[in-house]
Protein chains: 2
Amino acid sequence: MNFEDLAKTSGEWLRGSGPESDIVISSRIRLARNLADFPFIARATDSDKAEIESILRGRVEALRESGKLGGSPSYLDVSQLDDVDRQFLVERQLISREHAESEGARAVVIDQGEQFSVMINEEDHLRIQVMYSGLDLNVAWKQINALDDLIEEKITFAYNDRLGYLTACPTNVGTGVRISVMLHLPALVITRQIEKVFRSLQKINLAVRGLYGEGSQATGDFYQISNQITLGKSEEEVTKDVSDVIPVLIDYERQARDFLIRESQETLHDRISRAFGILQSAKTISSEETMHLLSSVRMGVNLGLIENVQIPTVNMLFIHTQPAHLQKLTGMELDPSDRNIERASYLRRHLAGDPPAVDQN
Amino acid sequence: MNFEDLAKTSGEWLRGSGPESDIVISSRIRLARNLADFPFIARATDSDKAEIESILRGRVEALRESGKLGGSPSYLDVSQLDDVDRQFLVERQLISREHAESEGARAVVIDQGEQFSVMINEEDHLRIQVMYSGLDLNVAWKQINALDDLIEEKITFAYNDRLGYLTACPTNVGTGVRISVMLHLPALVITRQIEKVFRSLQKINLAVRGLYGEGSQATGDFYQISNQITLGKSEEEVTKDVSDVIPVLIDYERQARDFLIRESQETLHDRISRAFGILQSAKTISSEETMHLLSSVRMGVNLGLIENVQIPTVNMLFIHTQPAHLQKLTGMELDPSDRNIERASYLRRHLAGDPPAVDQN
């Protein structure tokens, strides 16, 4: 797996295709699993972790060699990666920030299309993730279910007949499943309806998080909606809980966009056009401001208020302007201040009036 | 005097030429005079005002017909002008806001080049003004002195041997002269030195005002430096007081610009480039924000940080985006909200990557 080549693409989660992709960025499912014969990570010794890693690596290698895994996956020893490479995988939503920052033997398996990734020795021994661009939970569910079954053929997971799968954190006990849908909701933010929507979601036990998981701020108006309950409901029921609410949120966002177009088109157009203008002209810009402005531009393109730029370009810029991507793309290690200058330069080149050919996957 | 044609130009005060014109916008001198045989305006009856207006109009007509006045001046009955036309003259610095908004018989005489204007029945019966682009107080002084002498040949001004010229407000008694130099001081504002500079000026009895005179805010980083003392000093001494301090202020501003270039060129360039980007992309913009952003662009052009736009264009935009000018230029009466849209459109047209031919005087 060549990170430099990978950096030129947007990854699966920002591919910008799939159903409802003007609002739904990606659909993601992850399963938490632990080996029955070892303690949870918090109580595992270094040699436990090394053994867990070795067993799971063996299982993945066997599946890969048998061709059952598909997608030509790469096995990456996360403990051997440098900081920028680990940060790079976080930015692509392939490993968690916790996995990047922890210590000891740990790894991740990633397929070429970045649709699945398997973290070894994260909070649980095994975290399987499947991600699709747009709204596609059913396809994601089928794939992750098959992956889980394949691994479990030769591995005994910690399982209790009454509780289900046992996990390091009680919030994952049972199915160990988290269904997440990432949405782009700029109009609900502008019309100040987003807090109300979130309170409603919490009442039906759905959590709302920002772009990079727990505790992260909703930069770029990206919000992940996910289940909080893993106990007492089947995976299909949880998938349905999340699936049922997404069309309602999409509808709210569409209504908010219609409202803005109808009631304050000039203000909206101004906001979007200025965001585009600043991205085209800044000489230094933070990642946070970039996400904020790109969010307006993305909505503007979807509403037909900006021409000369395409959604795949905007999606690509969301990820290419992240710190590690920027360093991979320029081939330089850059401190934050130099990154801000390089980011601005990268944006100007890709958003110029006459845009250059853009690498897209 | 055709306001529609006039609107297409920048006027004298923003012509952008003359000595030190990167920092010194204009040099202006005005004299306050009153007819000896009539009460001051505050105590004058309507018929007094009508008579004063008639006498001074007669004097101006006689001078114009004799060819002594020069500059093909127009005589405008301000009481007969509509609101937009009066506002237009205020924006061009040809009449004061007070003159525009007062009641009763009043007028202004303006030469074609807009280098002199004579207000009749403003705070005083007569206010003579001469204005030059750039730093040119000596030329302005010679011209206004000649004008004053010409008018006085056949008019008796209120004069006291001990005090000098008598004026409606005691602050003008004596010479009745106000010397004003308008400076563009964005770097002193950015480096937060401007307040300190102003406190120093106050100690030597110089006043600092914003763009449109007393009480007006310093929009666009334009500041008028003028004398406060009219009693006990000759006109030449007052001119020298102001003249002596201007090179010091120019030097401060140049040092502040050098400092910004040296210590934070990226931040400065970013600020300037973003200002230009917003002016090129906004769909609605207030007059105040326009001035603020144009100020950065003006400094950017002077520092060579922006190409493809010339100082006369920037100066022209400062005045053309004012409310009355915008309405004259579009030939439409516009409410503030429509003006903001029209202003943004005007700016985009004149600051596009490939700028159209620009009317300049």
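Residues numbered from 1 in each chain as written. Chains lettered and ligands numbered in written order. Predicted model: local features only at pLDDT ≥ 70, side-chain atom pairs only at ≥ 80, totals over all residues. Heavy atoms only, no water.

A. How the structure looks around the domain arrangement of chain A. Residue and element names in this part refer to chain A. By the assigned domains, chain A splits into domain 1 (3–256) and domain 2 (265–351). Distance from the C-alpha centre of domain 1 to the C-alpha centre of domain 2: 27 Å. Listed per partner, the contact involves 31 residues of domain 1 and 22 residues of domain 2. Buried surface at the junction of domain 1 and domain 2, both sides included, amounts to about 2100 Å², of which 63% is carbon and sulfur. At the surface where domain 1 touches domain 2, the tally comes to two salt bridges. Notably, a salt bridge pairs Glu-4 with Lys-328, separated by 3.1 Å at the nearest N-O pair. Viewed at the interface, domain 2 and domain 1 are joined by 14 residue pairs in polar contact (both at pLDDT 80 or more). Those elements that place two or more of their residues in the side of domain 1 that touches domain 2 are helix 1 (3–7), helix 3 (83–91) and helix 6 (186–190). A breakdown of the residues in the side of domain 1 that touches domain 2 according to their chemical character gives 13 nonpolar, nine polar and nine charged. (Domains from an automatic or database assignment. Contact = heavy atoms within 4.5 Å. Buried area = accessible area lost by both parts, 1.4 Å probe. Salt bridge = Lys/Arg side-chain N within 4 Å of Asp/Glu carboxyl O. Polar contact = N/O pair within 3.5 Å; in protein donor to acceptor, adjacent residues only side chain to side chain. Helix = DSSP H or I, 4+ residues; strand = E, 2+ residues; numbered from the N terminus. Nonpolar A, V, L, I, M, F, W, Y, C, P; charged D, E, K, R; others polar.)

B. A look at the interface of chain B and chain A. With 14 residues of chain B in contact, the opposing surface of chain A contributes 14 residues. Interface area, chain B with chain A, both sides summed: about 1300 Å², of which 55% is carbon and sulfur. For chain B, the biggest contributors to the area lost against chain A are Glu-266, Arg-274 and Lys-283 of chain B; these three give 41% of the whole. The tally of links from chain B across to chain A stands at two salt bridges. Between Arg-274 of chain A and Glu-289 of chain B there is a salt bridge; the shortest N-O distance is 2.7 Å. There are ten residue pairs in polar contact (both at pLDDT 80 or more) connecting chain B and chain A.

C. Representation of the packing of helix 9 (residues 287–302) of chain A against helix 10 (residues 311–320) of chain A in the model. All names here are of chain A. As a packed pair, helix 9 and helix 10 sit with axes 10 Å apart at the nearest point and diverge in direction by 165 degrees. It follows that helix 9 is roughly antiparallel to helix 10 by the angle criterion. Here the hand of the crossing between helix 9 and helix 10 comes out left-handed. In contact with Met-291, Leu-294, Ser-295, Val-297, Arg-298, Val-301 and Asn-302 of helix 9, helix 10 contributes Ile-311, Val-314, Asn-315, Leu-317 and Phe-318. When the residues that make up the contact of helix 9 with helix 10 are grouped by side-chain class, the tally is eight nonpolar, three polar and one charged. (Axes fitted to C-alpha atoms, helices over the stretch in contact; angles between N-to-C directions. Parallel < 35°, antiparallel > 145°, perpendicular 65-115°, else oblique. Left-handed = near helix turned anticlockwise from the far one by under 90°.)

D. Local environment of helix 9 of chain A. Residues and elements named next belong to chain A. With 16 residues, helix 9 ought to run about 22 Å at 1.5 Å a step, and its terminal C-alpha atoms sit 22 Å apart, in line with that. Counted residue by residue, helix 9 has twelve buried out of 16 residues, so it is predominantly covered. After helix 9 finishes, the residue Gly-304 shows a positive phi value of roughly 75 degrees. (Expected span 1.5 Å × (residues − 1). Buried < 20%, exposed > 50% of the residue type's maximum accessible area, 1.4 Å probe, protein only.)

E. Up close: the sheet that holds strand 3 (residues 107–110) of chain B. Residue and element names in this part refer to chain B. As summarised here, the arrangement of the eight strands in space is 2-3-4-5-1-8-10-9, forming an open sheet in which the pairing is antiparallel. The open sheet has two edge strands, strand 2 (74–77) and strand 9 (206–209), and neither has a second partner. Between one strand axis and the next, the sheet turns by 20 degrees as a mean value, whatever way the strands run. Sheet topology places strand 3 next to strand 4 (residues 116–120); four bridges connect them, and they run antiparallel. Bridging across to strand 4, Val-109 finds its partner in Val-118. Its contacts with the sheet place helix 7 (residues 194–203) against strand 9 and strand 10 (222–227), and it is angled at close to 145 degrees to strand 9. (Pairing = 2+ DSSP bridges.)

F. Structural view of the nonpolar core. Within the largest apolar cluster, 176 residues are counted, with the highest numbers of intra-cluster contacts made by Leu-183 and Ile-246 of chain A together with Leu-183 and Ile-246 of chain B. Excluding its chain neighbours within four sequence positions, the residues that come into contact with Leu-183 of chain A are Ile-23, Val-24, Ile-25, Asp-221, Phe-222, Tyr-223, Ile-225, Ile-246 and Leu-249 of chain A. (Core = buried A, V, L, I, M, F, W, Y, C linked by side-chain atoms within 4.5 Å.)

G. Seen up close, the environment of Trp-141 of chain B. Residue and element names in this part refer to chain B. Tracing the sequence through the fold places Trp-141 in helix 5 (residues 137–152). As for Trp-141 and Ala-207, which are separated by 66 residues in sequence, their C-alpha atoms are 19 Å apart. If near-sequence neighbours (up to four positions away) are discounted, Trp-141 is found in contact with Ile-29, Leu-31, Val-177, Glu-235 and Glu-236.

H. Representation of the pairing of strand 10 (residues 222–227) of chain A within the structure. Residue and element names in this part refer to chain A. Of all the six residues making up strand 10, six are buried; the element is thus mostly covered by neighbouring parts of the structure. The side-chain alternation of strand 10 yields two buried faces, one formed by Phe-222, Gln-224 and Ser-226 and the other by Tyr-223, Ile-225 and Asn-227. For strand 8 (residues 177–184) and strand 10, the ladder comprises five bridges, and the chain directions are antiparallel. The residue of strand 10 that forms the bridge with His-184 is Phe-222. Summarising the sheet, strand 9 (residues 206–209) and strand 10 pair through four bridges and their orientation is antiparallel. Along strand 10, the bridge assignment pairs Leu-206 with Asn-227.

I. Quick look at the relation of the copies chain B and chain A. Overlay of chain B on chain A (RMSD 0.0 Å): rotation 180 degrees, translation along the axis 0.0 Å. As the rotation angle and translation indicate, the two copies are arranged about a two-fold axis. Measuring from the rotation axis to each C-alpha of chain B, the shortest distance belongs to Gly-277 of chain B, at 2.4 Å. A share of 100% of the interface residues of chain B reappears at the interface of chain A, consistent with the copies meeting face to face through the same patch. (Least-squares fit on C-alpha atoms with pLDDT ≥ 70 in both.)

J. Spotlight on unusual backbone geometry. A positive phi angle, near 60 degrees, is found at Glu-20 of chain A, a position not held by glycine. Locating Glu-20 of chain A in the fold gives a position in the loop between helix 1 and strand 1 (24–33). One non-glycine residue with positive phi stands out, namely Asn-308 of chain B, at about 65 degrees. Along the chain, the position of Asn-308 of chain B falls in the loop between helix 9 (287–302) and helix 10 (311–320). Look at Asn-308 of chain B and you get exposed, because its relative accessible area is 57%.

K. Highlighting the packing of aromatic side chains. Using the criterion set out here, one finds ten aromatic pairs over all chains in the structure. A centroid spacing of 5.1 Å and a plane angle of 25 degrees characterise the contact between Phe-3 of chain A and Phe-88 of chain A, whose relative ring orientation is stacked. Pair noted here: Phe-3 of chain A is in helix 1 and Phe-88 of chain A is in helix 3, with a separation of 85 residues, a long-range link. Note on accessibility: Phe-3 of chain A and Phe-88 of chain A belong to one class, buried. Seen from their ring centres, Tyr-159 of chain B and Tyr-165 of chain B are 4.9 Å apart, and the 75 degrees between their planes marks the pair as edge-to-face. Taking the relative accessible area as the measure of exposure, Tyr-159 of chain B reaches 47% and is therefore partly exposed. On the basis of relative accessibility, which here comes to 11%, the residue Tyr-165 of chain B falls in the buried class. One aromatic cluster in this structure is built from Phe-157, Tyr-159 and Tyr-165 of chain A. Sitting over the ring of Tyr-165 of chain A, Arg-33 of chain A keeps its end group 3.5 Å from the ring centre. (Phe/Tyr/Trp six-rings, centres within 6.5 Å; stacked < 30°, edge-to-face > 60°. Lys NZ or Arg CZ within 6 Å of the ring centre and 35° of its normal.)

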